Amino acid sequence: MKKKIKVFVIDDSAVVRQVLTEIFKEDSNFQFLGSASDPIFALDKMNNDWPDVIVLDIEMPRMDGLSFLKKIMTERPTPVVICSTLTTEGSETAILAMNLGACDIITKPKIGLKDFLNESTIALTDAVIAAASATIKHLPKPSHSNEFKIQLDKKQELSSLQATEKIVAIGTSTGGTIALEHVLTKLPKDKTPGIVIVQHMPEKFTEAFAKRLDSICEIVVREAKHGDRVVKGLALIAPGNKHMTLKRSGAQYFVEVVDGPLVNRHKPSVDVLFRSVAKSAGKNARGIIMTGMGDDGASGLVEMKEAGAETIAQNEETSVVFGMPKEAIKRGCVDHILPLGEIHKSIVGFG
């Protein structure tokens, strides 16, 4: 008999607690442990029977969700799914939640909340099931403080960047926001090939994430737009809720940003990107799969290797969640298994 996933909900909204209680109690995959209106109450209850997954709001009295998330990840790492009314203005909060180790983020509206939760039952339960399979570790420290470097305007630099003959494709999920920071901040602008990235993240938050990375990196980092050229010294991050593919026209590479169905529960999907890189760049590409839950990217990395690309997976010891890399390794498509601190060396000079 399959073990049920123990779930605990923390949200100051009585409506949310009521609806989520019904959702988890009615689904045979879950053992609903209970709910609390804030993290202080929650800790008292959870200490009696610790959950496999916590569904957490951000804005709550006494202790906010981010402070609680940090406390949990430091003292007793546990898979957490954020379910909050985060707005575009709150995208920095979402990035911080992912930096702190949240497995997934479900954004709920400020109005029509009950209907939304009922309509989003599948997305929410899928997120909790996926999170339950993740083995959360203590997070690596960010390579930079939250204070951004003051840098020269990079807009002029972008126009002078050269066409890239080589492409590096990176896919990551849980733990990826910090992992990408560790890698990208070590790359010199003049020795870095064009990079295309999928980081699982909700719509509208990827722009703030890209801007943050751009402010602390020597290379240029942007949220991808349809038709953007991929050039040396530039990293393009797929926008949330869109797929990104690589195309080639003559000697130039560019990206297409398109809508479409979820692939492996995700949009953007790492598999969608990797398959397009295999087709358009072949042996001129390098594929890197990093920390994240699930198996998104493994099939695409197989195709990249079959097309002649060199492939790399982050090792278990430095992955926050060793799901995506593990699956790729299991399929026999990984040439090198590297710790997080070594991955940048596989990119520098490749182009």
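Keep in mind that this is a model prediction, so the values were computed, not measured. (Residues numbered from 1 in each chain as written. Predicted model: local features only at pLDDT ≥ 70, side-chain atom pairs only at ≥ 80, totals over all residues. Heavy atoms only, no water.)

Novice: Before we go on, may I ask you to explain the domain arrangement of the chain in this structure?
Specialist: Many analyses report the size of an interface as the accessible area lost when the parts associate. Looking at the assigned domains, one finds that the chain contains domain 1 (5–135) and domain 2 (167–350). A C-alpha centroid distance of 28 Å is found between domain 1 and domain 2. Both faces considered, domain 1 and domain 2 share a buried interface measuring about 1,500 Å² in area, 66% of it formed by carbon and sulfur atoms. In this assembly, domain 1 and domain 2 are joined by one salt bridge. The shortest N-O distance in the salt bridge between arginine 265 and aspartate 104 comes to 2.6 Å. (Domains from an automatic or database assignment. Buried area = accessible area lost by both parts, 1.4 Å probe. Salt bridge = Lys/Arg side-chain N within 4 Å of Asp/Glu carboxyl O.)

Novice: When you look at the UniProt feature "modified residue: 4-aspartylphosphate" (unreviewed entry) in the chain in this model, what are you seeing that I'm missing?
Specialist: UniProt records the feature "modified residue: 4-aspartylphosphate" (unreviewed entry) at Asp57, using the numbering of this structure. Considering the arrangement of structural elements, one finds aspartate 57 in the loop between strand E3 (53–56) and helix H3 (65–75). Setting aside chain neighbours within four positions, we find aspartate 57 in contact with Ile10, Asp11, Asp12, Gly65, Cys83, Ser84 and Lys108. (UniProt positions renumbered as here; feature names shortened; annotations may be inferred. Helix = DSSP H or I, 4+ residues; strand = E, 2+ residues; numbered from the N terminus. Contact = heavy atoms within 4.5 Å.)

Novice: Where do I start with the environment of glycine 282 in this structure?
Specialist: Assignment of secondary structure puts glycine 282 in the loop between helix H10 (270–281) and strand E13 (285–289). A residue is classified by how much of its surface remains accessible, and glycine 282, at 12% relative accessible area, is buried. Distance from glycine 282 to glutamate 75, taken between C-alpha atoms, is 44 Å for residues 207 residues apart in sequence. With near-sequence residues (within four places) excluded, glycine 282 lies in contact with Val277, Ala307, Gly308 and Ala309. (Buried < 20%, exposed > 50% of the residue type's maximum accessible area, 1.4 Å probe, protein only.)

Novice: Looking at this structure, how should I read the nonpolar core?
Specialist: A general feature of soluble globular proteins is that nonpolar side chains tend to end up buried together. Residues Phe24, Leu184 and Ile195 are the most contacted members of the largest nonpolar core, which totals 84 residues. Among the elements that make up this core, the one with the highest residue count is helix H9 (residues 205–216) (six residues). Taken domain by domain, this core gets at least three of its residues from each of domain 1 (5–135) and domain 2 (167–350). Phenylalanine 24 has contacts with Val7, Val9, Phe30, Phe32, Val55, Leu124, Thr125 and Val128, leaving out every residue within four places of it along the chain. With 33 residues, the next largest nonpolar core counts Ala169, Ala224, Leu246 and Tyr253 among its residues. (Core = buried A, V, L, I, M, F, W, Y, C linked by side-chain atoms within 4.5 Å.)

Novice: Teacher, can you tell me more about the side chain of threonine 164 here?
Specialist: When you line up the elements, threonine 164 lands in the loop between helix H7 (155–160) and strand E6 (167–172). Reaching out from threonine 164, the side chain makes a polar contact with the backbone oxygen of lysine 166 at a distance of 2.5 Å. At 3.2 Å, the side chain of threonine 164 forms a polar contact with the backbone nitrogen of glycine 194. Excluding residues that lie within four positions of it along the chain, threonine 164 makes contacts with Pro193, Gly194, Val230, Val231, Lys232, Ala251 and Tyr253. (Polar contact = N/O pair within 3.5 Å; in protein donor to acceptor, adjacent residues only side chain to side chain.)

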